[in-house]
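# Fold and geometry: a report
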Amino acid sequence: MKKLYCFVFSVVVLCLVFSATALASTKGTEFWYAHVDATLYQTTGETRCYLYIYSEHPTTVQAYAPTTNWDTTVSALPGLTTLILPRDAINTGWFVTHGYGVHITADDSVSIVAHIGNRLIDQNGPSNKEAALLLPVSALGYEYYVASSRVIHDFTAYSSTSKLIIVATEDNTEVEITPSDTTVPEYPVGVPFTITLN
């Protein structure tokens, strides 16, 4: 009976190992990214978005923003390379669909972290920073949940709500959204609605 238990235990462990290795990697050669304005006040401060590109081998990385025709290519050495995205590639609208996505490709696998930060004109004032680990197109799925925070400050409704941004990797992508809380503009909680992204 001991041999049977050991065999079953070994099979379970092997299944867990194979399941873990089947998880998607954050390394890839094609990414899409968009970011929202991280300012606390929409009329002051300066927002910058940095892409931190990690590569194990020398590679060429191209970033292209179709809406603004911004296009740049960098030679990434092994280690970390920083790329600053232009201000006009930042989405500042409310519940609108734009082509503000940035298409990033690399000749060899890379991992990318995006960091968006704002320091208000008063350097002693509050700042707002966000970061995201980008998933390559090959690792994207079809169902996501958005984690957001409750508002703890008393600014205007525009600047004090949580925001999300959805990027499509191809035209005519239909996205179904089911709000679990109040939205701006207001959509009924628990009732799905669909948007089309191009």
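For the structure itself, look to the data block above.
First things first, this report covers the structure right here in the doc.

This part covers the environment of I165. As for its placement among the helices and strands, I165 is situated in the loop between β7 (127–133) and β8 (173–177). Given a relative accessible area of 31%, I165 falls into the partly exposed group. Each C-alpha atom of the pair I165 and A34 lies 7.1 Å from the other, and the pair is 131 residues apart in sequence.

For the rest of this paragraph, the subject is the packing of aromatic side chains. Throughout the structure, instances matching the rule amount to 2 aromatic pairs. Measuring from ring centre to ring centre gives 6.2 Å for Y50 and Y52, while their planes differ by 10°; the resulting arrangement is stacked. Y50 gets classed as partly exposed once you look at its relative accessible area, which sits at 23%. A relative accessible area of 27% places Y52 in the partly exposed class. Note on Y187 and F193: the rings are 4.0 Å apart at their centroids and 15° apart in plane angle, and the pair reads as stacked. On the accessibility criterion, F193 (14% relative accessible area) is buried.

Here we come to the environment of L140. Of note, L140 is situated in the loop between β7 and β8. C-alpha separation for the pair L140 and T169, spaced 29 residues apart in sequence, amounts to 9.6 Å. Once residues within four sequence positions are removed from consideration, L140 is found in contact with L135 and T169.

Phi at N69 is positive, roughly 60°, even though this residue is not glycine. You can see N69 is positioned in the loop between β3 (59–65) and β4 (70–76). We note that N172 has phi near 60°; this positive angle belongs to a residue other than glycine.

Together, L135, L140 and Y144 give the surface a local cluster of nonpolar side chains, amounting to about 280 Å² of exposed area. Here Y144 shows up in the loop between β7 and β8. Judged by its relative accessible area of 53%, Y144 falls in the exposed class.

Rules behind the numbers
- Residues numbered from 1 in each chain as written.
- Predicted model: local features only at pLDDT ≥ 70, side-chain atom pairs only at ≥ 80, totals over all residues.
- Heavy atoms only, no water.
- Helix = DSSP H or I, 4+ residues; strand = E, 2+ residues; numbered from the N terminus.
- Buried < 20%, exposed > 50% of the residue type's maximum accessible area, 1.4 Å probe, protein only.
- Phe/Tyr/Trp six-rings, centres within 6.5 Å; stacked < 30°, edge-to-face > 60°.
- Contact = heavy atoms within 4.5 Å.
- Patch = residues over 30% accessible without salt bridge, like charges linked within 9 Å, V, L, I, M, F, W, Y side chains within 5 Å.
- Areas by Shrake-Rupley, 256 points an atom, 1.4 Å probe, with all protein chains shown as cover.
- Salt bridge = Lys/Arg side-chain N within 4 Å of Asp/Glu carboxyl O.

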